[in-house]
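# Descriptive analysis of the structure
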Amino acid sequence: MASTRKPPSVDPAGLDLRGKQVAVGLSGGVDSVVLLHLLRRAATRIGFQLSAVHVNHGLSAHAGAWERHCRALCREWRVPLEVRRVKVAKKGKGLEAAAREARRSAFAGLRAEVIALAHQLDDQAETVLLNLLRGAGVRGASAMPAAGAMGKKTLWRPLLAVPRRSILDYARARRLRWVEDESNRDDALTRSFLRLHVGPLLETRFPRWRESLARAARHFAAADADARFVLREFLRARELRAPSEAGLLDMLRQLTGQGARTAIAHDGALLRVYRGRLSVTAADHAAPFAVLRWRGERRLPIPALGGELRFRDATGRGIDAARLERREVRVRLRAGGERLQPDARRPRRSLKNLFQDAGVPPWERARLPLLECDGTLIWAPGLGVDASWRAGKDAPGIVPEWRRLPAAAA
C-alpha cells in the first residue's frame, strides 16, 4: 500500500540560488542521497549549478565502500563529485564534534557558494533535546538554522522540516540506493541512544514530539536574536562600543552559560551576571587596602574601595553609641569565616550565607568595608548591625552607610 505521508520537498529558506554553485554534502546515507536526488530535479528549474562533496573521515572499516558508492551514484546521475579525505583529531572533544569540525574544514576549501546539508526534522529534534540535556542556553537550544553563514559560504539545510519517515518512503518508492552507517545502531553514542531508545518512548505519549521540539527551536532562535539586540542596546546606553556579531554571540554564550563567576572584559569595563541581572563594573584593578581606624568622623573616604562610609546619629537605631566610647573601631575587609546576627530572632550566620540571601553579587562581597570593634564584627553593608550591638529603644545610636562613588557604581 502506498504511503500517505507528504513527500519531501526542498525548502529554499529565503535563498536566491539562481546562478549559484551548490554542493551537496553526500555521505551516502539515505538523507543525503534523497537530497541529491531532489536537487538534481530542482537545479534545472531554478537555475543553479549542482555538485556533490563526500568527506571520508576514515573512522569506519566501511569508509572506502561508502566513498565508492558515492562515486558510482554521482557517475550514474551525472553530478560532479569532489572527495575530501580528512583526519579527525579529537583534542579533548567528542568524536562527533571532532568529525563535524573536520567536515567544516573540508567544506571551507570548496569553490561552491552554498553547501547543502541533509539534516532533517528528526536530527533537529534530537539536537534540541541533546543540547537541553547538556544544559545549553538559548543559543544552543535553537539548534540548527535552515540557512546560516560559514565564513563567506552559506550552509543550507533544505530538509530540516521533513521527518525521517518521509525521506525513507521517498527513497524506497523510487528504489534509491544508499549505505547504512553502523554507528547509527550503536547506543553507546549519545545521539544514537536518543534515537534508538528515548525517541520511540517519547512517541508513545507525544506522537508529534519532533515537530514540537523543532518549533521550540525556532522560538529559541528568535529569542537569541532578541537577546543580541538587547545586549547591544545595553552596551550602547552605557557608552560601551558593541563588539562584532561573532563577539556579541560569544559574549551572550558566556553570560548565559557560565554562572556568576564569569567576568567579561570589554571596552575598559567588566560585564557580569548574577541571578539574571547584568552588571557593568570598572575593570578589576583592585587597589591595595589597609585596615583603617574610625575615630568618629561623619565621613570616612576609602578610595581603595571606590566609596566612603557615612555615619549619622539616630535614636533607637544603629550601633549603640555608648558601647563604642573609648573602644577601637576598625574598618576591614572579609578574611573568611565571619559571622553576624542581624536578626535577634535568628541564629548567628556566616557572611557568605547572609550576602547570598541579600542578593549581593560574589564579586562585590570581598570589597565591602566591615566594621569591627574589639575584634568583633558589628556591622556589614546591606546586612545591618549585629543584634548584640544594636541601640536600645530610646538609646543614642550611630547608623553606618556605605556609599559608592559614581565612577565605581555598577
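It should be noted that the structure appears before, not after, this text.
To start, this report covers the structure provided alongside it. Remember, it's a predicted structure, so these values are computed and weren't measured experimentally.

What counts and how
- Residues numbered from 1 in each chain as written.
- Predicted model: local features only at pLDDT ≥ 70, side-chain atom pairs only at ≥ 80, totals over all residues.
- Heavy atoms only, no water.
- Disulfide = S-S within 2.5 Å.
- Buried < 20%, exposed > 50% of the residue type's maximum accessible area, 1.4 Å probe, protein only.
- Pairing = 2+ DSSP bridges.
- Helix = DSSP H or I, 4+ residues; strand = E, 2+ residues; numbered from the N terminus.
- Axes fitted to C-alpha atoms, helices over the stretch in contact; angles between N-to-C directions.
- Contact = heavy atoms within 4.5 Å.

On to the state of the cysteines. Taken as a whole and judged by the stated rule, the model has zero disulfides. Cysteine Cys 70 shares no disulfide, and the gap to the nearest cysteine sulfur, in Cys 74, comes to 6.5 Å. Looking at Cys 70, the relative accessible area reads 0%, which means it is buried. Taking relative accessible area as the criterion, Cys 74 reaches 3% and is therefore assigned buried.

Another point: the sheet that holds strand E3 (residues 81-85). On the basis of which strands lie adjacent, the open sheet formed by six strands has the order E3-E2-E1-E4-E6-E5 and mixed pairing. Because the sheet does not close on itself, it has two edges, and the strands there are E3 and strand E5 (147-150). Across the sheet, the axes of successive neighbouring strands diverge by a mean angle of 30°, strand direction being ignored. Sheet topology note: the strand E1 (residues 21-25)/strand E4 (residues 114-116) ladder contains three bridges and is parallel. Directly across from Val 22, in E4, lies its bridge partner Val 114. Running at roughly 140° to strand E2 (residues 49-56), helix H3 (residues 95-108) makes contact with E2, E3, E4, E5 and strand E6 (153-156) of the sheet.

With that out of the way, let us pick up the pairing of E6. Across three bridges, E4 lies against E6 in parallel orientation. Opposite Val 114, over in E6, you have Thr 154 as the bridge partner. Where E5 and E6 come together, four bridges link them in antiparallel fashion. Within E6, the residue paired with Ala 149 across the bridge is Thr 154. With antiparallel pairing between neighbouring strands as the criterion, E5 and E6 make up a hairpin whose turn holds two residues, including Gly 151 at a positive phi of roughly 65°.

Read these as spatial facts, not as claims about activity.
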